[in-house]
Amino acid sequence: MSQVIDATARELAAQVRSGARSAAEIAATFLERNDAVASRLHAWSRRDDDRARHRAAAIDAEVAAGRDPGPLAGVPVGLKDNFVTAGVETCCGSRILAGWIPPYDGAHVQRLAEAGAVSLGKCAMDEFAMGSSNENTPDEPVRNPWALDFVPGGSSGGSAAAVAARLVPFALGTDTGGSIRQPASMCGIVGLKPTYGRVSRYGMIAFGSSLDQAGPLTRNVRDAAAVLGVLAGHDPRDSTCLDEPVPDYVAACDATIAGARIGVDRSVIDHDGLDDDVRAAFETSLAVLRDAGAQIVDITLPHFAHAIATYYVLATAEAASNLSRYDGLRYGAQQTRPGLRQTYEATREHGFGDEVKRRIMLGTFVLREGSFARYYGRAQKVRTLIARDYAAAFASCDAIASPTSPVAGWRIGEKQADPMAMYLSDVFTIGANLAGLPAISIPGGFCRATETMPRLPIGFQLLAPRLGEPTLLALAAAHEAATAWHEQMPTQVQS
Amino acid sequence: MSDVTEQECEELAALARLSLTGPQARAFAKQIGQIVGYIEQLAEVDVRDVPEYAPDAPVATPLRPDIPGSRLTRAQVLAQAPVTRGEHVAVPKFKED
């Protein structure tokens, strides 16, 4: 089994394409692995074993007929439950979409299928992707495979836990304020948020439309590059999707980083809430890149301190607008009442969880007449200043480094009663979304086990200018080549 | 901390078509007040002459050929709706007699 579950996505695809191993054997091995350990993690909102077996058999038939099924031939994948999948219940982690079976596939599902990937099912998530811990759910919260009483991060926590635990070689997540990178950090894997517009949003259930991007969660950098190559590219069904050439991202991983300039804003790293072990791991990762030939340069991001406030105005405003479509009439679950308004209210009251309601109300607050200019309009201007800060910083560096999360993790339930404390944990990831920039989190060490903390992974984040994914991948690959953090198997799922 | 009253919370809920219980309105008033207090920091930022955010490179949106695209069938649309009547989506009464 270990030959299959420890293999990279690219190795598995190469084996299937060459006929050395069947997609059916790979699917069966991962299903067996899931039977053995998945119930410890609650990483799936729904498994789709039969469909996966049929799909794997179809891939094998293509190979037998002499056709190439594509760059992800026979590779199992987990899809966050906000990717629309024809014929498969898609709930976005919410009761309001319970029982919804979409009539179409989104762009991501289509592109993965065209590349030969085999979906094993839908990964659990924070409801409507709102959360940093995967606790905002009507279901069991996802567990961190390194310590089962700790959160896996969020909102793509199911995707991250599944990849870290070798339940799938890769998964898709979405990132509105850090929801790919932060769970990747907490689970010890790679998470890549592309440039805004690099990947289509068609068929990805909307949260904050000016911020949302889909991207891969993988166990190594080159797999992330390969998956990005499949996902990226123009899609006329999303008017914000960029019509730009898609480079060879896997080849970009081999580029030299000699002379690359990594910017660090020291005032950001002196952030009060930064854990000592995270700070130490960050400095070690910088040293790794310096030893590989990069230069570390000082930069300043003067408006960084206002990023969280800006984000929670804009993201909640967009969410309040996007989620107004859930009326219980056209799709999803309905709480029927005698009148229309009562039906709306009962459906939304019953269908949404507390965090979603809180954000809809906050978004309504910042958008309502009388507050609009004071909050939403002002936040849009501060967003301009934040984007300008990054542009100015990139005049003197090729990438910007920071920790991904200020802490390695926290215990399930620890921050649940304090939404503000949860929001502050997004401090390092939000800037990339506000400015539309690509960013990656890669494994960067572990915190020390103490009486109160288990040994948990720590992520290292890099941001690049718009469409600078090749730069990110080269730096991340160089860091990975000099470290072995990504090779470790989570302790709670070793058998 | 900014003051958001239970009554304001109930007004927001009404605007957002949510109905809250008394304890929920109390809890949300406190939490939303705390968050609003935090976002008030944006008032300190000098935004004179700063435009609202727009991406660096706006996406070109050329006209598309005027040809019909794929669309859902009536049966597919009706299959999504929780309550239907004949070939229609059923909607509760929205006008007084």
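Criteria and thresholds
- Residues numbered from 1 in each chain as written.
- Chains lettered and ligands numbered in written order.
- Predicted model: local features only at pLDDT ≥ 70, side-chain atom pairs only at ≥ 80, totals over all residues.
- Helix = DSSP H or I, 4+ residues; strand = E, 2+ residues; numbered from the N terminus.
- Rg over C-alpha atoms; globule rule 2.2 N^0.38 Å.
- Contact = placed C-beta atoms within 7 Å.
- Buried ≥ 20, exposed ≤ 12 C-beta atoms within 10 Å, placed from the backbone.
- Pairing = 2+ DSSP bridges.
- Axes fitted to C-alpha atoms, helices over the stretch in contact; angles between N-to-C directions.
- Expected span 1.5 Å × (residues − 1).
- pLDDT = per-residue confidence, 0-100.
- Parallel < 35°, antiparallel > 145°, perpendicular 65-115°, else oblique.
- Nonpolar A, V, L, I, M, F, W, Y, C, P; charged D, E, K, R; others polar.
- Core = buried A, V, L, I, M, F, W, Y, C linked by C-beta atoms within 7 Å.

A. A look at the overall build of chain A. When helices and strands are counted, chain A shows 18 helices and eleven strands. Taken against the 2.2 N^0.38 rule, which gives 23 Å for 495 residues, the C-alpha radius of gyration of chain A at 21 Å falls within 12% of a compact globule. Over its C-alpha atoms, taken along the principal directions, chain A stretches across nearly 65 × 60 × 50 Å. Counting only contacts in chain A whose residues sit at least 6 apart along the sequence, the fraction spanning at least 24 positions is 77%.

B. Layout of the overall build of chain B. In terms of regular secondary structure, chain B is built from three helices and two strands. Along chain B, from the amino end to the carboxyl end, the secondary structure elements read α-α-α-β-β. Compactness check: chain B gives a C-alpha radius of gyration of 23 Å against a globular reference of 13 Å for 97 residues, more than 25% above the reference. Projected onto its principal axes, the C-alpha coordinates of chain B cover approximately 55 × 45 × 25 Å. Buried residues in chain B amount to 16% of all 97 residues. In chain B, once contacts between residues fewer than 6 apart in sequence are set aside, the share between residues at least 24 apart is 41%.

C. Focus on the interface of chain A and chain B. The interface is formed by 56 residues belonging to chain A together with 41 residues belonging to chain B. Of all the secondary structure elements, the ones that give two or more residues to the side of chain A that touches chain B are α12 (307–322), α13 (340–351), α14 (354–367), α15 (373–393) and α16 (419–424) of chain A.

D. Looking closely at the sheet that holds strand β11 (residues 457–463) of chain A. Residues and elements named next belong to chain A. The eleven strands lie next to each other as β1-β3-β2-β4-β6-β5-β10-β11-β9-β7-β8, forming an open sheet whose pairing is mixed. Sheet topology places β1 (44–47) and β8 (295–298) at the edges, where each strand pairs with a single neighbour. Direction aside, the axes of adjacent strands within the sheet are offset by 30° on average. As paired elements, strand β9 (residues 399–403) and β11 share four bridges and run antiparallel to each other. The residue of β11 that forms the bridge with Ile400 is Leu463. The strands that helix α8 (residues 221–231) touches are β4 (170–175), β5 (190–193), β6 (213–218) and β10 (439–446); relative to β6, the one it contacts most, it runs at about 145°. With respect to the sheet, helix α18 (residues 469–481) is in contact with β9, β10 and β11, its orientation differing from that of β10 by roughly 15°.

E. Structural detail: α13 of chain A. When the terminal C-alpha atoms of α13 of chain A are compared, their 16 Å separation across twelve residues agrees well with the 16 Å that a helix rising 1.5 Å per residue should span. Along α13 of chain A, the residues that are buried comprise Thr343, Tyr344, Glu345, Thr347, Arg348 and Gly351 of chain A.

F. Local environment of the confidence of the model for chain B. When pLDDT is averaged along chain B, the result is 89, and 92% of the positions lie at 70 or above. Here the predicted complex scores 0.97 on pTM and 0.93 on ipTM.

G. Region of the structure containing the pairing of strand β7 (residues 261–264) of chain A. All names here are of chain A. Note that β7 and β8 share four bridges and pair parallel. Paired with Gly263 across the two strands is Val297, which belongs to β8. With two bridges joining them, β7 and β9 adopt parallel strand pairing. Bridge pairing in β9 places Ile262 opposite Ala399.

H. Region of the structure containing the environment of Gln335 of chain A. Residue and element names in this part refer to chain A. With respect to the helices and strands, Gln335 occurs in the loop between α12 and α13. By C-beta crowding, Gln335 is classed as partly exposed, having 17 other C-beta atoms within 10 Å. Expressed as a C-alpha distance, the spacing of Gln335 and Val75, which sit 260 residues apart in the sequence, is 40 Å. Not counting chain neighbours up to four residues away, the residues in contact with Gln335 comprise Gly328, Thr343, Ala346, Thr347 and His350.

I. Spatial organisation of the packing of helix α11 (residues 276–291) of chain A against α18 of chain A. All names here are of chain A. Relative to each other, α11 and α18 sit at 100°, their axes nearing to 9 Å. For the element pair α11 / α18, the angle class is roughly perpendicular. In this structure, α11 contributes Ser285, Val288 and Leu289 to the contact, and α18 contributes Leu475, Ala478 and His479. Classifying every residue of the contact of α11 with α18 by side-chain character gives four nonpolar, two polar and no charged.

J. Structural context of helix α2 (residues 9–18) of chain A. Residues and elements named next belong to chain A. Extensive coverage of α2 is indicated by the burial of seven of its ten residues. If you follow the buried residues of α2, they end up packed against α3 (23–37), α4 (49–64), β4, β6 and α8. Phi turns positive one or two residues past the end of α2, at Gly19, with a value near 85°.

K. Layout of the environment of Ala56 of chain A. All names here are of chain A. Examined against the element boundaries, Ala56 turns out to sit in helix α4. As a C-alpha pair, Ala56 and Val75 span 19 residues in sequence and 8.8 Å in three-dimensional space. Discounting residues that sit within four places of it in the chain, Ala56 has contacts with Ala23, Ala24, Ile26, Ala27, Gly74 and Val118.

L. Looking closely at the nonpolar core. Residues and elements named next belong to chain A. Grouped together as the largest cluster of nonpolar side chains are 171 residues, with contacts concentrated most on Ala43 and Val77. Counting residues per element, this core draws most heavily on α12, at eleven residues. If near-sequence neighbours (up to four positions away) are discounted, Val77 is found in contact with Leu112, Ala117, Val118, Ser119, Leu120, Val168, Phe170, Ala171 and Leu172.

M. Quick peek at the packing of helix α1 (residues 6–15) of chain B against helix α2 (residues 22–39) of chain B. Residues and elements named next belong to chain B. The contact between α1 and α2 brings their axes to 8 Å, and the two run at 100°. One way to sum up the angle between α1 and α2 is to call them roughly perpendicular. Facing α1, whose interface residues are Glu6, Cys9 and Glu10, α2 presents Ala25, Arg26, Phe28, Ala29 and Ile32. Grouping the constituent residues of the contact of α1 with α2 by class yields five nonpolar, no polar and three charged.

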